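This is what each chain is made of:
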Amino acid sequence: MVQPTHERVRRSIAQAQTIVVKVGSSSLTMPSGHLDPTKLDALVAALACARLQGARIVLVSSGAIAAGFGPLGFERRPADIATQQACASVGQGLLMARYEVSFGRFGIRVGQILITAEDTIRATQYHNAQRTLDRLLDLGVVPVVNENDALANNEIRFGDNDRLSALVANIVRADALVLLTDVDALYTAPPSQPGSKKIDFVPDVERALDEVKVAGSSSGVGTGGMVTKLEAAHMAAVSGIPAVLTCAANAGPALMGDPVGTAFAPIKRRGSSRRLWIKFASHPRGVLVVDTGAAQAVRAGRASLLSAGVLEVRGDFSAGDPIWIDDESGHHIAKGLSGYDSEEIPRMLGRNTAQLRRFFGDEYAHPLVHRDNLVLV
Ligand SMILES: Nc1ncnc2c1ncn2[C@@H]1O[C@H](COP(=O)(O)OP(=O)(O)O)[C@@H](O)[C@H]1O
Ligand SMILES: N[C@@H](CCC(=O)OP(=O)(O)O)C(=O)O
């Protein structure tokens, strides 16, 4: 793929038909833990303008926890999961009520989608999410997406919405991803550090990941900081989607392709979001150690992992959970979704498919990790 220029990336954002816009907690709320209606209305005005000109907009909005802790009487964002989930449950309703009124000023309807990490990998949930989002967009609605914080399983939840927004961009086959935060651009180091410089254009986000110094959030209400925003830009880039990162006040110019913030060029053609999740967002629950032949086959690509080539299983996991595939010297080769529970695997090790079928029946005659569920790392 020829590397697009800065100008071309901005033009493709301006011409994008389907756009995923992600906005962070600090751009919608006050440090006291309440919604900031002025900020929210200003953002909505910019999005409504793009929508009324024909763009299909999906808004991935954080802010449920940050809008809920004030009304519940907390002075700062609570640290424990159960209280965060309670705050999210209260704040999410307040957030949606305000979006409804605010978009309503322009005659635009909103629809709420609460999603979990699992919805982005399990085929049926993934297709449900895709079908609903597509239909909402066809109906002219602006879907407002957030992680299902109140119920999300802590071990696999995203926590920030940055990576979720890149996956949503894949689900809706977006033409652009716009990441809105409380800083006007990506800098060579956290902006509080003297000498940090603004970056206008990132032609290769994989190089930027090595060169740019990033830190977590310092707002008191946000979560991932610049680390997860760069990961989101990376996920978008390897899915063929250009991205722009800037402050919420720049939403309008960013959508029009003006040179605000930092633009990220796509670096690959579109891939599947399921594999993206496995590669970037999943937390492996165990390990399958493979022999030299299996390691070679997996590394060569497009091979499923068969039990004949697996030497050992470690960890406690269920079928469908993410796991590492390691070579004998302990190097991670790939990540994948296990086809079986960890306790079913030991008796399958070293056996070929015919033996598995003969000894244990048809349901055991499948790969431990199917190639569609496997990505090299
Ligand atoms: N290299 C960097 N360039 C720009 N901002 C950075 C960098 N490293 C860390 N940051 C911090 O990331 C913060 C934005 O992340 P976060 O607070 O999680 O926002 P949001 O709530 O919008 O997701 C900025 O306020 C900034 O302090
Ligand atoms: N889903 C959570 C997102 C938490 C969060 O802080 O995200 P972000 O502000 O995007 O770093 C919420 O709505 O509160």
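Small disclaimer: the values here were computed from a predicted structure and weren't measured.

Observations regarding the UniProt feature "binding site: ATP" (unreviewed entry) in the chain
- The UniProt record annotates "binding site: ATP" (unreviewed entry) at Lys22, Thr181, Asp182, Thr223, Gly224, Gly225, Met226, Val227, Thr228 and Lys229.
- Tracing the chain through its elements places Thr228 in helix H8 (residues 225–238).
- For Thr228, a relative accessible area of 8% translates into the label buried.
- Beyond its immediate stretch of four places on either side in the chain, Thr228 contacts Asp160, Asp162 and Arg163.
- Take Lys229: its relative accessible area is 8%, and that puts it in the buried class.
- Residues contacting Lys229, with those up to four places away along its chain left out, are Lys22, Asp162, Leu179, Thr181 and Leu245.

Looking at the packing of helix H2 (residues 37–52) against helix H4 (residues 81–104)
- Packing of H2 against H4 leaves a shortest axis separation of 10 Å and a crossing angle of 50°. On the basis of their axis angle, the class for H2 and H4 is oblique. Helix-helix and strand crossings are classified by hand; for H2 and H4 the assignment is right-handed. Along the contact surface, H2 presents Pro37, Leu40, Asp41, Leu43, Val44, Leu47 and Ala48, while H4 presents Leu95, Arg98, Tyr99, Ser102 and Phe103.
- Of the residues assigned to the contact of H2 with H4, the class counts are nine nonpolar, one polar and two charged.

Considering the UniProt feature "domain: PUA" (unreviewed entry) in the chain
- Per the UniProt entry, the sites bearing "domain: PUA" (unreviewed entry) are residues 286–369 in this numbering.
- Between the end C-alpha atoms of residues 286–369 the distance is 13 Å, and the span holds 20% helix and 26% strand.

Brief notes about the pattern of salt bridges
- In total, this model carries 12 salt bridges according to the counting rule given.
- Salt-bridge contacts for Asp41 lead to Arg98; the nearest nitrogen and oxygen are separated by 2.8 Å. Linking Asp41 in helix H2 with Arg98 in helix H4, this pair joins segments that are 57 residues apart in sequence.
- Residue Asp41 is classed as buried on the basis of its relative accessible area, which comes to 17%.
- By relative accessible area, Arg98 is classed as partly exposed at 27%.
- For Arg163, the salt bridge is made with Asp160, and the minimal N-O distance between the two is 2.9 Å.
- When its relative accessible area of 6% is taken as the criterion, Asp160 is described as buried.
- Bridged by salt links that share partners, the residues Lys22, Asp162 and Lys229 form one connected network.

Some remarks on the environment of Arg56
- For Arg56, the location among the structural elements is in strand S4 (residues 56–61).
- Taking relative accessible area as the criterion, Arg56 reaches 23% and is therefore assigned partly exposed.
- It is 19 Å that separates the C-alpha atoms of Arg56 and Met96, two residues lying 40 residues apart in sequence.
- In contact with Arg56, other than residues within four places in its own chain, are Gln17, Thr18, Ile19, Arg51, Asp134, Leu137 and Asp138.
- In terms of polar contacts, Arg56 uses its side chain to reach the side chain of Thr18, at 3.4 Å.

Rules used throughout
- Residues numbered from 1 in each chain as written.
- Chains lettered and ligands numbered in written order.
- Predicted model: local features only at pLDDT ≥ 70, side-chain atom pairs only at ≥ 80, totals over all residues.
- Heavy atoms only, no water.
- UniProt positions renumbered as here; feature names shortened; annotations may be inferred.
- Helix = DSSP H or I, 4+ residues; strand = E, 2+ residues; numbered from the N terminus.
- Buried < 20%, exposed > 50% of the residue type's maximum accessible area, 1.4 Å probe, protein only.
- Contact = heavy atoms within 4.5 Å.
- Axes fitted to C-alpha atoms, helices over the stretch in contact; angles between N-to-C directions.
- Parallel < 35°, antiparallel > 145°, perpendicular 65-115°, else oblique.
- Left-handed = near helix turned anticlockwise from the far one by under 90°.
- Nonpolar A, V, L, I, M, F, W, Y, C, P; charged D, E, K, R; others polar.
- Salt bridge = Lys/Arg side-chain N within 4 Å of Asp/Glu carboxyl O.
- Polar contact = N/O pair within 3.5 Å; in protein donor to acceptor, adjacent residues only side chain to side chain.

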